[in-house]
Amino acid sequence: MSTLSKKNYLKYLGRSTNKDTIDIHSYLLRLWDYKVWFFLSLISFFFLALVINEYSSPRYLVKASLDIVDQKKSASQTFMKELEFFSPTTNIENEIEVLSSYDLIKKVTESLNLNIDLEEVSPMSEAYEDVDFFTCRLIETNGDGHRKTFLFKIVDENGGYISSQGNGSLGVDSVRIVLGVPIQFHGFIIQIEKKEDIELSHLGRTFRINYSHPGQYALVLKERIQIKPISNKTSIVELSLSSTEPELDIEILDELMSSYLSRELELKNKSANEAIDFIDNQLKSVKENLLIAEAKLEDFRSENKIININQEGITTLNKLHELEKDYARYQVQLKYCSYTLDYLSKTDAGILISPSTAGITDPVLNDLVSSLNSLINQYSRLRTAVSEINPQLLSLASQIAVKLRAVTENIRNQRNTLEIQIGSIEKLIKEVELNLDRVPNDERRLINIQREFDLNEEVYIYLLKQKSEAEIAKEGNETSSRLVDPAYVSSRIYPRSNFNVSVAIIFGFFMPILGIGFYDFFRTTIHSPLDITRGTDIPIIGCLPAVSMNKAKFPNLQFEQISEDLKDFWVSMSFLLPSKEYPKTILYLSYLQGEGKSFSSLNTAILAANSGYSTLIVDLDNGNKNLSSLFGYTGFEGLEEFFIENMNLDNLARKTDIRGLEIIQLGAAKDYSTILMNKPKLEMLLERLKKKYDCVVFDSTSLELTPDALMLSTFVDFSVFVVSHKKTQLRTVEILNQLKTKIISSEIGILYNNLN
């Protein structure tokens, strides 16, 4: 972890310690001290984004759009729709279900051979890796629907051998296959077509033909294709598909829309096709009768030499012609009614022939049949896309049943009316036929033969006219839906370069914050002034950089490095004292050994001496005796001799190499608790030292080893508690609070030590 800079630490000093507020500025300063982490994180994530953008296989989004004309709805249906009940008419949702139906997508799969994958087993060189010069079509006849693999080897320009076995080479079951000629092989009809002429470089190459059931591929493709309306206010739906092969996706969407439009047109043409088939069947029988009548007429004229009929016969013939013309038309309409009623009696009845095909002009019946056919078309399209219990499908079935009853009843009434009209015409024909008795016998026979011929000719011409109208109506049929945009590549969706870079920047910035948060949560040592100010009201009065107490470089080098920091620290101590003067007696405390207590006390004493104050430093640290060893006074008399043997205090103070600075060591005592517990003599010692010296600095032992050092805090002007960066435990802050409340009575401040 990067260390905190001196400049930033100084900005922490004197900041608010209110635990109910968040010092945003301090947090930002703390984050700034981890700028190297942020820099490395940003570089790493940015590099990762560049690698993804450069080496990832690009995925493209292919889109297309269709305009699906929605059937107009009544006010009640619209109201039901707004109340979120099912709509009983064709709507956009129905057509989306049809577009995404399994049957339609399976048809697309089979049309484009999407379930067949071709790959070369052992390409001779990089130039031969494509498989674009032939296509393969497989039709499963009695297979099990599982994945199947074949090997195909080209041996000449006419074809090669195919096998279902072998790893890279043909198996024992290989058979000859000629290009363009289908063969039966292992439950499949296999046909291989060439796209271009077989070249010499193609010979000897082996290809693997991987076949999967089109239904399985269609299920996967169905999940990939997304279809949704562009908005609630339009009838345009958008189709989209994404993959690494945009050209194939374009073919799939174009074929899907084409199949959908063709399917709709086929349903609309079904009625016209059935009408044409019905008329063709009628024409077949009428044509036979017409040929027979024509032959009779020619034979009679050639045998009897009668060419013309007298005026009375012509008049009678014209009357019969008009009556029989109506009779023939009614007969066609009656056959239509009988045919339709018989058709409706079947349980699988579908699209009805339009009544106008048979010349029935009743607008009510024509509207009913048209409406019924429309509902049947909707039902047929929707049934392939939804379950049988779908509310819209059930609604359509209910409407079809109602329409069927209405159509059946209307056609029955129409048939009854036609039977009455035909009976009336038959009576009129019989009355006219009575007039034929006045015509000579040969002319009467000629009139009858002519009647038969004219009747069949009239019916034949009438049926041809109706067939022509039906074919024109069929050709005029068009889909209600129309293509708006053919499939096109909309955009590259992966990798999204700008998005990846933005995410990299976000992650590069927030991951260090997350890391710092986790690190702060699990760490146990002090890493920031915030760790102190969040837990105590004791002020931080200074900070010192990390400088090793190297005797060879002592004292000039280390003091020069921290002199400015010491001056700030000295001013802070003076500011906290009621008198606003410098402290004459200073006690240095720390909880653990090695936190910089001796280092800080020594340099404070040096600062006081350099400032012209007569200064004494008292080395009470019996654990390390760093100060005594630095000045070369180990093993000499000290405070022990003063307290026990009443040695003169003047004889205990030793001069140092620093002008104005003297030192008194602890002496030979290993446990100085008995010294500190002698309160009267301790008070006397402090009084004598204050009179002799301008500044007295006590370097105590660590509280973890000897808590009795706290007794001195009662007699000194200022207590300095030293904490060390990354070494002092977080729990020390709580201990310090307890000491301040229960034991330490002098002014106290915290010195933050050991910055790199």
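Predicted, not measured: the structure shown is a model, and the values here were computed from it.

Conventions used here
Per chain, residues are indexed from 1 in the order of the written sequence. Per-residue local features are limited, in this predicted model, to residues with pLDDT of at least 70; the limit for side-chain atom pairs, both in listing and counting, is 80 or more; totals at the level of whole chains, interfaces and linings are taken over all residues. Calculation of side-chain values draws on the structure's entire complement of heavy atoms; hydrogens and water are dropped beforehand. Strands here mean DSSP runs of E at least two residues long; helices mean DSSP runs of H or I at least four residues long; both are numbered from the N terminus. Here the expected length of a helix is defined as 1.5 Å per residue gap, with one fewer gap than residues. Think of it in three bands: residues with accessible area under 20% of the maximum for their type are buried, residues over 50% are exposed, and the middle band is partly exposed, with areas taken using a 1.4 Å probe on protein chains only. Note that the arc is defined by the directions from the helix axis to the C-beta atoms. Every angle, taken between N-to-C directions, lies between 0 and 180 degrees, and every axis is a line fitted to C-alpha atoms, over only the stretch in contact when it is a helix. Angle categories: roughly parallel below 35 degrees, roughly antiparallel above 145, roughly perpendicular from 65 to 115, and oblique for all the rest. Should the near helix be turned anticlockwise from the far one by less than a right angle, the crossing is termed left-handed; should it be turned clockwise, right-handed. Asp, Glu, Lys and Arg are counted as charged, while Ala, Val, Leu, Ile, Met, Phe, Trp, Tyr, Cys and Pro are counted as nonpolar; the rest, among them Gly, fall into the polar class. For every residue, the pLDDT score states the predictor's confidence, bounded by 0 at the bottom and 100 at the top. Working rule for contacts: check all heavy atoms of both residues, and any pair within 4.5 Å makes them a contact.

J.: What is the right way to look at helix 21 (residues 679–692) in this model?
T.: Along an α-helix, residues three or four positions apart point the same way, because every turn accommodates 3.6 residues. The end-to-end C-alpha separation of helix 21 is 20 Å, in line with the 20 Å expected for 14 residues at 1.5 Å each. For helix 21, the complete set of buried residues consists of Lys-681, Leu-682, Leu-685, Leu-686 and Leu-689. Projected down its long axis, helix 21 carries its buried residues within an arc of 140°, all on one side. Turned more than 90 degrees away from the buried face of helix 21 sit Pro-680 and Lys-691, all of them exposed.

J.: What is the right way to look at the packing of helix 3 (residues 35–55) against helix 13 (residues 497–522) in this model?
T.: Two packed helices can be described by the angle between their axes and the distance between those axes. Where helix 3 meets helix 13, the closest approach of the two axes is 8 Å, and the angle between their N-to-C directions is 150°. Taken together, helix 3 and helix 13 sit at an angle that is classed as roughly antiparallel. Considering the relative orientation of helix 3 and helix 13, their crossing is right-handed. Taken together, the residues that form the contact of helix 3 with helix 13 break down as 16 nonpolar, six polar and no charged.

J.: Is there a simple way to think about the confidence of the model for the chain in this case?
T.: When pLDDT drops low, the exact placement of atoms in the prediction is not to be read closely. For the chain, the average pLDDT comes to 79, and 82% of its residues sit at 70 or higher. The model gives residues 1–17 a pLDDT under 50, and that stretch makes 53 contacts with residues more than four places away or in other chains. Segment residues 71–90: pLDDT under 50, and 27 contacts once partners within four positions in sequence are set aside and those in other chains are kept.

J.: Sorry if this is basic, but what is going on with unusual backbone geometry here?
T.: Excluding glycine, most residues fall at negative phi; most peptide bonds, likewise, are trans. In this structure, the amide linkage connecting Tyr-494 to the following residue, Pro-495, adopts the cis form with an omega of -10°. Within the fold, Pro-495 resides in the loop between strand 12 (482–494) and helix 13. Even without being a glycine, Asn-113 presents a positive backbone phi close to 55°. Summarising the element assignment, Asn-113 is placed in the loop between helix 6 (102–112) and strand 2 (116–120). Unusually for a residue other than glycine, His-186 sits at a positive phi of about 50°. Tracing the backbone through its elements, the reader meets His-186 in the loop between strand 7 (183–185) and strand 8 (188–194). Among the residues examined, His-186 registers a relative accessible area of 43% and is labelled partly exposed.

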